Amino acid sequence: MSEGSGERPLSALVRAAAETLAAAGVPDPQVDAELLVGHVLGQGRGQVAAASVRGDRLTAAEAAALDALVARRAAREPLQHLTGTAPFRHLELAVGPGVFVPRPETETVVQFAIDALLNAPDPAPVGIDLGTGSGAIALAMATEVPHSRIFAAELSPEAHRWAAQNTARAENLTLVQADLAEAFDDLAGRAHVVISNPPYVPDAAIPRDPEVRLFDPPLALYGGADGLDVVRVLSGRGMMLLRSGVCS
Ligand SMILES: C[S@@+](CC[C@H](N)C(=O)[O-])C[C@H]1O[C@@H](n2cnc3c(N)ncnc32)[C@H](O)[C@@H]1O
């Protein structure tokens, strides 16, 4: 089919999208361009690369949908808000406005919690995630240690809704909307693991990346004048919740 009929070469669209994103300062423009094309087509990056080599074309409607997404990404809306999902370990989490997008480095941190649960000498070890956001850490623990019992708390009603959606099918996970300063008093001295990725940015230290500054919820980022308000609360809660002889 000719370009006059409305179809446009996928390879040219990827190139143009990557150029637009690069000009907007997006950190990985080529990757994001390929992922956005893949999102429009319902395909992964590998399939997009193969389609590009084959000389596939996008319909006018697909190209228009891509243009709209590229414009939003160029305005530095997080890629994960545009695709509606964020990968986390083996999970694909639903994310969007109102919830912190889980970060790759947290995937590493959660391994310590999973190892501690796996090594706990208990048929049903207890793990607690305080400030669960999308539910990323809690759901990773619940699914990778299926014999564990996981408890997660989130204060923000918007974030709690995303977490509820993501964790709905995990039968060994209990999610509450609560302040971590008060959640799970009934589990005092019973937890094998207490984990948290709290807000820790000092109030005056506004993040440089627009994706963070404009789209991550303030409650997920800022932790008071020195950034440590929530951390101070957490250290006390960890002491209270953990069994004696284990560490958070
Ligand atoms: C940096 S985000 C981390 C989210 C998630 N654990 C992750 O790693 O992707 C911090 C989370 O803690 C939540 N939070 C902040 N203060 C809280 C509090 N006092 N009680 C419960 N949750 C809180 C925020 O709403 C946010 O979802």
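Residues numbered from 1 in each chain as written. Predicted model: local features only at pLDDT ≥ 70, side-chain atom pairs only at ≥ 80, totals over all residues.

## Digging into the site of the ligand
So, point 1. Around the ligand sit 23 residues in total, of which Gly131, Gly133, Leu155, Leu180 and Asn197 are the nearest.
So, point 2. Secondary-structure elements contributing two or more residues to the shell around the ligand are helix H7 (136-144), strand E6 (149-154) and helix H10 (218-221).
So, point 3. Of the residues in the shell around the ligand, the class split is 14 nonpolar, seven polar and two charged. (Near = placed C-beta within 6 Å. Helix = DSSP H or I, 4+ residues; strand = E, 2+ residues; numbered from the N terminus. Nonpolar A, V, L, I, M, F, W, Y, C, P; charged D, E, K, R; others polar.)

## Some points on the sheet that holds E6
So, point 1. Pairing in this open sheet of four strands is parallel, and the strands run E7-E6-E5-E8 from one edge to the other. Two strands in the sheet have a free side with no partner beyond their single neighbour: strand E7 (173-177) and strand E8 (193-195). Geometrically, the sheet is characterised by an average inter-axis angle of 15° between neighbouring strands, direction not taken into account.
So, point 2. Of the pairings in the sheet, the one linking E6 to E7 comprises five bridges and is parallel in character. Bridging across to E7, Glu154 finds its partner in Gln177. (Pairing = 2+ DSSP bridges. Axes fitted to C-alpha atoms, helices over the stretch in contact; angles between N-to-C directions.)

## Quick word on helix H8 (residues 157-167)
So, point 1. Taken residue by residue, H8 has Ala159, His160, Trp162, Ala163, Asn166 and Thr167 as its buried positions. Buried residues along H8 cover an arc of 160° about the axis, so they all sit on one side.
So, point 2. Where H8 is buried, its residues meet strand E4 (91-94), H7, E6 and E7. (Buried ≥ 20, exposed ≤ 12 C-beta atoms within 10 Å, placed from the backbone. Arc of directions from axis to C-beta. Contact = placed C-beta atoms within 7 Å.)

## Here's the deal with the pairing of strand E5 (residues 126-130)
So, point 1. Taken across its five residues, E5 has five buried, putting it largely inside the fold.
So, point 2. Here E5 shows a buried face lined by Val126, Ile128 and Leu130 and a second buried face lined by Gly127 and Asp129.
So, point 3. Relative to E6, E5 runs parallel, the two being bridged by five bridges. Among the inter-strand pairings, Gly127 is bridged to a residue of E6, identified as Ile150.
So, point 4. Taken together, E5, H7 and E6 form a β-α-β motif whose crossover is right-handed. (Right-handed = clockwise from strand over helix to strand, strands pointing away.)

## A few points about the environment of Gln165
So, point 1. In this fold, Gln165 is placed in helix H8.
So, point 2. In this structure Gln165 comes out as partly exposed when scored by C-beta crowding, with 15 C-beta atoms within 10 Å.
So, point 3. For the pair formed by Gln165 and Ala94, sequence separation is 71 residues and the distance between their alpha carbons is 7.5 Å.

## Things to note about the environment of Pro9
So, point 1. Structurally, the position occupied by Pro9 is in strand E1 (residues 8-9).
So, point 2. Residues within four places of Pro9 in sequence aside, it is in contact with Gly55 and Arg57.

## Let's talk about the nonpolar core
So, point 1. Ile128 and Met141 are the most contacted members of the largest nonpolar core, which has 45 residues in total.
So, point 2. Membership of the second largest hydrophobic core comes to 19 residues, among which are Leu13, Ala17, Leu58 and Leu79. (Core = buried A, V, L, I, M, F, W, Y, C linked by C-beta atoms within 7 Å.)

## Here's the deal with the packing of helix H2 (residues 29-41) against helix H4 (residues 60-74)
So, point 1. Following both chains from N to C, one finds H2 and H4 inclined at 140°, their axes separated by 10 Å at the closest point. Overall, the two elements H2 and H4 adopt an arrangement that is oblique. For the crossing formed where H2 meets H4, the hand is right-handed. Only Glu62, Ala65, Leu66, Leu69, Val70 and Arg73 of H4 make contact with H2, whose side of the interface consists of Asp32, Leu36, Val37, His39, Val40 and Leu41. (Parallel < 35°, antiparallel > 145°, perpendicular 65-115°, else oblique. Left-handed = near helix turned anticlockwise from the far one by under 90°.)

## Focus on unusual backbone geometry
So, point 1. For Arg76, which is not glycine, the phi torsion reads 75° and is therefore positive.
So, point 2. Locating Arg76 in the fold gives a position in the loop between H4 and helix H5 (79-83).
So, point 3. On the neighbour-count criterion, Arg76 (18 C-beta atoms within 10 Å) is partly exposed.
So, point 4. Positive phi, normally seen in glycine, also occurs at Arg89, with a value near 50°.

## Some points on helix H6 (residues 104-119)
So, point 1. Taking 1.5 Å as the rise per residue, H6 with 16 residues should run 22 Å; its terminal C-alpha atoms sit 24 Å apart, in good agreement.
So, point 2. Of the surrounding elements, those touching the buried residues of H6 are E5, H7 and E8. (Expected span 1.5 Å × (residues − 1).)

## Some remarks on the pairing of E6
So, point 1. Burial analysis of E6 places six of its six residues in the buried class, the great majority of the element.
So, point 2. Here E6 shows no split at all, with Arg149, Phe151 and Ala153 on one side and Ile150, Ala152 and Glu154 on the other all buried.
So, point 3. With respect to chirality, the unit in which E6 leads through H8 into the neighbouring parallel E7 is right-handed.

## Considering the packing of H6 against H7
So, point 1. Running from amino to carboxyl end, H6 crosses H7 at an angle of 40°, the nearest separation of the two axes being 10 Å. In this view, H6 runs oblique relative to H7, as classed from their interaxial angle. The two elements H6 and H7 cross, and the hand of that crossing is right-handed. Of H7, the residues touching H6 (which contributes Thr106, Val110, Ala113, Ile114 and Leu117) are Ala136, Ile137, Ala140, Met141 and Glu144.

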